[in-house]
Amino acid sequence: IASLINPSADSVYCDQLPLSIKLVNSGLVPLTSVEIQSGVNGEYTTFNWTGNLLSGQQVTVQLGSFPLLNFQSNYVEVQLNLPNGGTDLYAADDYSIYTELYTGLNGTYTIGGVNPTFSSFSTALLNLKNGGICGNVTFKVRNGDYFERMFLNPVKGSGPNAWIWFEGESEDSS
């Protein structure tokens, strides 16, 4: 595996991950087949690639679309097996993992109080930082005391047509 194309750190994924890799032939003989096991959060599928990659050549392989879990870290794994139907003599590039993949937020969420979407500003900002946004986002802050210090960096996906808004759920500013 030369690299994971998707996921990438600068992209926003709203609910599905279109998983793709750059497959490279690191061997000396042409690569004509390989079994690719891929999955998200432990749910795996197998894709059998066939073609003709000369030594050093690369090709992009689309592995399908995988559902992502909201409000938590997702992990992606890709494992190559049985190149040309046999054992890989250079297995160091046969496995790749991507962790800390969050979905983008879109819609209205609550912070604090009873049964909130996010228990604190910190957890809400962690999801914003790691996942970005897929549309307009409103955080309704429930009444309570919050002793947190926050700094909001630019958020992936935000712009003139996708904004982030914090407001009191009770519409009382006190």
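Bear in mind the structure is a predicted one, so any value in this text is a computation, not a measurement. (Residues numbered from 1 in each chain as written. Predicted model: local features only at pLDDT ≥ 70, side-chain atom pairs only at ≥ 80, totals over all residues. Heavy atoms only, no water.)

A.B. asks: I'd like a description of helix α1 (residues 121-131), backed by residues and values.
C.D. replies: Within the span of α1, buried status applies to Phe121, Ala124, Leu125, Asn127, Leu128, Asn130 and Gly131. Where α1 is buried, its residues contact β7 (95-101), β8 (105-111), β9 (133-141) and β10 (164-168). One or two positions beyond α1, positive phi appears at Gly132, with a value near 75 degrees. (Buried < 20%, exposed > 50% of the residue type's maximum accessible area, 1.4 Å probe, protein only. Helix = DSSP H or I, 4+ residues; strand = E, 2+ residues; numbered from the N terminus. Contact = heavy atoms within 4.5 Å.)

A.B. asks: Describe a nonpolar patch on the surface, with residues and values.
C.D. replies: Residues Tyr44, Tyr75, Tyr95 and Ile97 make up a contiguous nonpolar surface patch of roughly 390 Å² in combined accessible area. Inspection of the secondary structure puts Tyr44 in strand β4 (residues 43-53). Judged by its relative accessible area of 45%, Tyr44 is partly exposed. (Patch = residues over 30% accessible without salt bridge, like charges linked within 9 Å, V, L, I, M, F, W, Y side chains within 5 Å. Areas by Shrake-Rupley, 256 points an atom, 1.4 Å probe, with all protein chains shown as cover. Salt bridge = Lys/Arg side-chain N within 4 Å of Asp/Glu carboxyl O.)

A.B. asks: Talk me through the nonpolar core; I want residue IDs and the actual numbers.
C.D. replies: Within the largest apolar cluster, 21 residues are counted, with the highest numbers of intra-cluster contacts made by Leu17, Leu19, Ile21, Leu23, Ile36, Trp49 and Val78. Only β2 (16-24), β3 (31-40), β4, β5 (58-67) and β6 (74-81) provide two or more residues apiece to this core. When near neighbours in sequence (up to four residues on either side) are disregarded, Ile36 contacts Ile21, Thr45, Thr46, Phe47, Trp49, Val61, Leu63, Val78, Gln79 and Leu80. (Core = buried A, V, L, I, M, F, W, Y, C linked by side-chain atoms within 4.5 Å.)

A.B. asks: Just give me the short version of the side chain of Asp94, but keep the residues and values in it.
C.D. replies: Structurally, Asp94 is set in the loop between β6 and β7. Within the buried set, Asp94 has no salt-bridge partner at all; the shortest N-O distance to an opposite charge, 17 Å, is to Lys22. With residues near it in sequence (within four places) discarded, Asp94 still touches Ile1, Val78, Gln79, Leu80 and Asp88. (Lys, Arg positive; Asp, Glu negative; His and termini not counted.)

A.B. asks: Explain the confidence of the model for the chain to me, using residue names and the numbers behind them.
C.D. replies: Per-chain confidence: the chain averages 93 in pLDDT, with 99% of residues scoring 70 or above. Here strand β1 (residues 3-6) is the element of the chain with the lowest mean pLDDT, 86, and β8 is the one with the highest, 97. (pLDDT = per-residue confidence, 0-100.)

A.B. asks: Report on the sheet that holds β7, specifying residues and quantitative values.
C.D. replies: Pairing between sheet strands relies on hydrogen bonds along the backbone, with the strands arranged either parallel or antiparallel. Sheet architecture is open: four strands sit in the order β4-β3-β6-β7, paired in antiparallel fashion. Only two strands of the sheet have a single partner each, and these edge strands are β4 and β7. Shown here is a sheet whose adjacent strand axes are inclined to one another by a mean of 15 degrees, direction ignored. (Pairing = 2+ DSSP bridges. Axes fitted to C-alpha atoms, helices over the stretch in contact; angles between N-to-C directions.)

A.B. asks: Quick one: what's the story with the sheet that holds β2, residue by residue and with numbers?
C.D. replies: As summarised here, the arrangement of the three strands in space is β1-β2-β5, forming an open sheet in which the pairing is antiparallel. The outermost strands of the open sheet, each flanked by one partner alone, are β1 and β5. Taken over all neighbouring pairs, the strand axes of this sheet differ in orientation by 25 degrees on average, direction set aside. As defined by bridge partners, β2 adjoins β5 across nine bridges and the pair is classed as antiparallel. Across the sheet, residue Ser20 finds its bridge partner in β5, namely Gln62.

A.B. asks: Just give me the short version of the state of the cysteines, but keep the residues and values in it.
C.D. replies: Tallied over the full model, the rule gives one disulfide. Between Cys14 and Cys134 runs a disulfide, and the two sulfur atoms are separated by 2.1 Å. In this structure, the disulfide formed by Cys14 and Cys134 twists by about -115 degrees around the S-S bond and is classed as left-handed. Of this pair, Cys14 sits in the loop between β1 and β2 while Cys134 sits in strand β9; the two residues are 120 residues apart in sequence, bridging distant segments of the chain. Here Cys134 falls in the partly exposed class, since its relative accessible area comes to 27%. (Disulfide = S-S within 2.5 Å.)

A.B. asks: Describe the environment of Gly131, and please don't skip the residues or the numbers.
C.D. replies: Mapped onto the elements, Gly131 comes out in helix α1. Overall, the relative accessible area of 1% leaves Gly131 in the buried class. Sequence separation of Gly131 and Tyr98 is 33 residues, and the distance between their C-alpha atoms is 14 Å. Sequence-distant contacts of Gly131, that is, excluding residues within four places in its chain, are made with Val12, Tyr102, Thr103, Gly104 and Lys156.

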